[in-house]
Amino acid sequence: MPGITAYGAYLPRRRLQRSAIAAANTWFDASLRGLARGERTMCSWDEDTVTMAVEAARDMGPAAPVQALFLASTTHPFAVRQNAGIVAEALNLGSDLRTMDVAGSLRASTTALMSALDAAAAGSQAIVVAADRRRARAGSPMEMLSGDGAAALRVGSEGEIATLLASATVAADFIDHFRASGDAYDYAWEDRWIRDEGWLKLVPQAVARALAKAGIEPSDVDRLIVPCHLRRVPESVAKVCGIPADAVADPLMSTVGQCGAAQPLLMLAAELASATPGQTIVVTGFGQGCDALVFRVTDAVGAARPKRGVAGWLERRVEETNYSKFLTYCGVVEREYGKRAELDRSPALTAQYRNREGVTGFVGGRCERCGTVQYPKAIYCVNPNCGAKDTQEPHPMADVPATVKTFTADHLVFSMDPPAYLGLVEFEGGGRTMVEFTEVDPESFDVGTRASMRFRIKHVDERRGMRQYFWKAAPD
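Description of the structure in this document.

1. Quick word on the sheet that holds strand β6 (residues 126-132)
Ordered in space as β5-β4-β6-β7-β1-β8-β13-β12-β11, the nine strands form an open sheet in which the pairing is mixed. Two strands lie at the open edges of the sheet, namely β5 (98-102) and β11 (223-225), each paired on one side alone. If you compare each strand with its neighbour and ignore which way they point, the axes differ by 20 degrees on average. For strand β4 (residues 68-72) and β6, the ladder comprises five bridges, and the chain directions are parallel. In the strand pairing of β6, Leu69 is matched with Ile127.

2. Some words on the pattern of salt bridges
Counted by the stated rule, this structure contains 30 salt bridges. The residue Asp417 makes a salt bridge to Arg14 at a minimum N-O spacing of 3.0 Å. Within this pair, whereas Asp417 is found in the loop between β18 (402-410) and β19 (420-427), its partner Arg14 is found in strand β2 (residues 14-17), the two being separated by 403 residues in sequence. Between Glu271 and Arg223 there is a salt bridge, and its shortest N-O distance comes to 2.8 Å. Placement of the pair is Glu271 in helix α8 (residues 263-272) and Arg223 in strand β11, with a sequence separation of 48 residues. Given a relative accessible area of 10%, Glu271 falls into the buried group. Where salt bridges share partners, they join Asp46, Glu47, Arg316, Glu436, Glu439, Arg456, Lys458 and Lys472 into one cluster.

3. Digging into empty space enclosed by the protein
Applying the stated criterion across every chain, the model contains one cavity of 30 Å³ or more. Each pocket or cavity is described by its volume, and for the largest cavity that value is around 40 Å³. Lining the largest cavity are Arg40, Arg134, Arg135, Ala136, Glu143, Asp148, Phe326, Cys330 and Val332. For the lining of the largest cavity, the residue count by class is four nonpolar, no polar and five charged.

4. Section: the packing of aromatic side chains
Scanning the model with the defined rule gives 19 aromatic pairs in all. Centre to centre, the rings of Phe174 and Phe286 are 6.2 Å apart; their planes meet at 65 degrees, and the pair counts as edge-to-face. With Phe174 in the loop between β8 (162-171) and β9 (177-178) and Phe286 in strand β12 (residues 280-286), this residue pair connects regions lying 112 residues apart in the sequence. Judged by relative accessible area, Phe174 falls into the buried class, the value being 9%. The interplanar angle of 85 degrees and the centroid separation of 5.7 Å between the aromatic rings of Tyr421 and Phe445 together place this pair among those described as edge-to-face. Of this pair, Tyr421 sits in strand β19 while Phe445 sits in the loop between β20 (432-436) and β21 (450-461), and the two are 24 residues apart along the sequence. The same class applies to Tyr421 and to Phe445, which are both buried. Among the aromatic residues, those joined into a ring-pair cluster are Phe362, Tyr375, Phe427, Phe455, Tyr469, Phe470 and Trp471. Its end group placed over the ring of Phe78, Arg81 keeps NZ or CZ at 4.8 Å from the ring centre. A cation over an aromatic ring shows up here: Arg356 above the ring of Tyr353, its NZ or CZ 4.0 Å from the ring centre.

5. Let's talk about the environment of Glu197
Relative to the assigned elements, Glu197 resides in helix α6 (residues 191-214). For the pair Glu197 and Asn385, spaced 188 residues apart in sequence, the C-alpha separation works out to 74 Å. Discounting chain neighbours no more than four positions away, the residues touching Glu197 are Phe174 and Leu202. For Glu197, the side chain forms a polar contact with the side chain of Lys201, separated by 3.0 Å.

6. Digging into a nonpolar patch on the surface
Together, Ile175, Phe178, Tyr187, Trp189 and Trp193 give the surface a local cluster of nonpolar side chains, amounting to about 550 Å² of exposed area. Along the chain, the position of Tyr187 falls in strand β10 (residues 187-188). Note on Tyr187: relative accessible area 47%, which makes it partly exposed.

Rules used in this analysis
- Residues numbered from 1 in each chain as written.
- Predicted model: local features only at pLDDT ≥ 70, side-chain atom pairs only at ≥ 80, totals over all residues.
- Heavy atoms only, no water.
- Pairing = 2+ DSSP bridges.
- Helix = DSSP H or I, 4+ residues; strand = E, 2+ residues; numbered from the N terminus.
- Axes fitted to C-alpha atoms, helices over the stretch in contact; angles between N-to-C directions.
- Salt bridge = Lys/Arg side-chain N within 4 Å of Asp/Glu carboxyl O.
- Buried < 20%, exposed > 50% of the residue type's maximum accessible area, 1.4 Å probe, protein only.
- 1 Å grid on protein atoms, 1.4 Å probe; cavity = no way out; pocket = protein on both sides within 12 Å on 5 of 7 lines; lining within 4 Å.
- Points joined across faces, edges and corners; volume = space filled by probe spheres on them.
- Nonpolar A, V, L, I, M, F, W, Y, C, P; charged D, E, K, R; others polar.
- Phe/Tyr/Trp six-rings, centres within 6.5 Å; stacked < 30°, edge-to-face > 60°.
- Lys NZ or Arg CZ within 6 Å of the ring centre and 35° of its normal.
- Contact = heavy atoms within 4.5 Å.
- Polar contact = N/O pair within 3.5 Å; in protein donor to acceptor, adjacent residues only side chain to side chain.
- Patch = residues over 30% accessible without salt bridge, like charges linked within 9 Å, V, L, I, M, F, W, Y side chains within 5 Å.
- Areas by Shrake-Rupley, 256 points an atom, 1.4 Å probe, with all protein chains shown as cover.

Pasting the structure below:
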């Protein structure tokens, strides 16, 4: 039977304190004080939907052959350029692959998951990644309640850790919020109406249909995932469905926020980390209707653990109270960056395509004659005792641990997060390269620091709307 075979997640390191947002905005809207508890995940300037999707997929562990990759989001960076294709190349999944962007609704992730499970039933294996970096107007409730994050699932018909029992969909053009093409921000409707007419009517319909197909009584559901940002709504949904109140999963609102299309899979990844064999998990996705999927956890769940998972990323937090930095990173405010930022760097699309294996996939070379590893891959081996020509085989290096050998903190070159940290890293098993560092803590960063490679934005060409991606080193 089709089901989930692996799972992963990604949460940005910075955690913006909601009290900092409230402190800057309650002079205008005093009601924001009621939302000021807890914190929300916050992307750095060099993170977006694509980079988070790559990291969530990497969190699942070693790559396995798949025939399809679905990227679900309401904030794809490109309107015309397949975002899923960038993720697939960064993961080195090869070209014999079906890639698809799924968008248009906050239940895009559960819709993509249902499609992937249909493909798994036909014998294919697929990866479903969901990520969102939602923009909101300064001082809005959505700014307070949103979060940035991603989750990934691998599905197939062998080695399942959670088997699909049934699924159901209720399609309805119920407009709780919307964003027109070309607009930057969502327009939301009134919370009480969304709760009463949307969550408490559409979600129970979908859950009831899915449970009936699966032959499961509501009272036998062990975990219920309701990705709602409204307080006490998940518990109210459970009550209407006849599901025990203690089955309601943590919506992660106090520590993460509402991560848009990623929220259902992010909550599922958190639940799978503590799931036990035999449990029944119901996952819902809400947005212009509702999807409901019923899973049965298998004995294999204990053997399939992500590298970090939701809990691991939560522990990696760094508190952020600089609200102005958040607004700058989101592009909500137009800041003066100075003369050094005035660099018109047009995209070299031809060079990008020719070197995509090394640039997007971070694939180096390994000499077949002497075993020397180098990045970037070149015609000649860099080993002075070898120097062989055309002997390098592809050598993926994105997941190889590295050590900082040299670094400099440059206060003159423009950086969105000054100073810019640049230097040399050495990889385990050989290979050195110059890199840009990200997520640096000046107090603990030094030569000898262990580092991992992270897929990030290298440069944003605001004039043409182009984002150039590359790999940076982040301290472990």
